[in-house]
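# Architecture and fold: a report
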Amino acid sequence: MQAITPYLNFNGDAAEALDFYTEALGGQVVHKQTFGDTQADYPVAASHKDKIMHALFNAGELNFMVSDCPPDVSVTSGSNLSLALNFTDEDAIEKTFNAMAAGGTITMPLQDTFWGAKFGMVTDRFGISWMFNYDKPKD
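Structural notes, computed from the coordinates. (Residues numbered from 1 in each chain as written. Predicted model: local features only at pLDDT ≥ 70, side-chain atom pairs only at ≥ 80, totals over all residues. Heavy atoms only, no water.)

## Let's talk about the nonpolar core
Generally speaking, nonpolar side chains in soluble globular proteins are found buried as a group. Operational definition: In plain words, nonpolar cores are sets of buried Ala, Val, Leu, Ile, Met, Phe, Trp, Tyr and Cys residues tied together by side-chain atoms within 4.5 Å. Between buried and exposed lies partly exposed: a residue is buried under 20% and exposed over 50% of the maximum accessible area for its type, with that area taken using a 1.4 Å probe on protein chains only. Secondary structure elements are taken from DSSP: a helix is a run of H or I of four residues or more, a strand is a run of E of two residues or more, and numbering for both begins at the N terminus. The criterion used for residue contact is that any of the two residues' heavy atoms lie within 4.5 Å.
By size, the foremost hydrophobic cluster in this structure holds 29 residues, and its most contacted members are Phe10, Tyr21, Leu25, Trp130 and Phe132. Contributions of two or more residues to this core are made by β1 (7-10), α1 (14-25), β3 (52-59), β4 (62-68), β5 (82-87), α2 (90-101) and β8 (129-135). Of all the elements, α1 adds the most residues to this core, at seven residues. With residues near it in sequence (within four places) discarded, phenylalanine 10 still touches Ala17, Tyr21, Val66, Ser67, Asp68, Cys69, Val75, Phe126 and Ile128.

## Regarding the environment of glycine 78
Structurally, glycine 78 can be placed in the loop between β4 and β5. Note: C-alpha distance between glycine 78 and lysine 118 (40 residues apart in sequence) is 25 Å.

## Some points on the sheet that holds β8
Cut-off, in case you're wondering: At least two bridges found by DSSP between two strands are what make those strands a pair. The convention used is that axes are lines fitted to C-alpha atoms, helices contributing only their stretch in contact, and that angles between N-to-C directions extend from 0 to 180 degrees.
Across the sheet, which stays open at both edges, the four strands sit in the order β5-β8-β7-β6 with mixed pairing between neighbours. The open sheet has two edge strands with one neighbour each: β5 and β6 (105-112). Neighbour-to-neighbour, the strand axes of the sheet open up by a mean angle of 15°, direction not taken into account. As paired elements, β5 and β8 share six bridges and run parallel to each other. Residue leucine 85 lies in a different strand from β8, and its bridge partner there is phenylalanine 132.

## With respect to unusual backbone geometry
Residue aspartate 72 is not a glycine yet carries a positive backbone phi of 65°. As for its position among the elements, aspartate 72 is in the loop between β4 and β5. On the accessibility criterion, aspartate 72 (84% relative accessible area) is exposed.

Following this line, the structure appears as structure tokens:
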């Protein structure tokens, strides 16, 4: 069995989210298909032709998929799931945390913890909850 790949759904701003994640996480969109690209097999309203039907994002070992909801379907961001990012470099966690917090809400500031890590939490401007962890080297 392979690792779980998160699939993020959006209410029409998936392309904007992908641009944001590309910049903030230093990654790339590996594959992107709009609803309009599938018009022959999957007729869709004109308002959704440029919306993302399916995309794959990659940044190093981090992979997740993205889609806008189809017409007449919506998603509500919730607090029942967080995506955990683990870092091997302290400078990288600081940079990425600050980038992902832009326009979002810091739910726990990035800080040293009693378990020997630097840890923090952010809900990004798209309502996705992220956890950031850097296990500090043991002396």
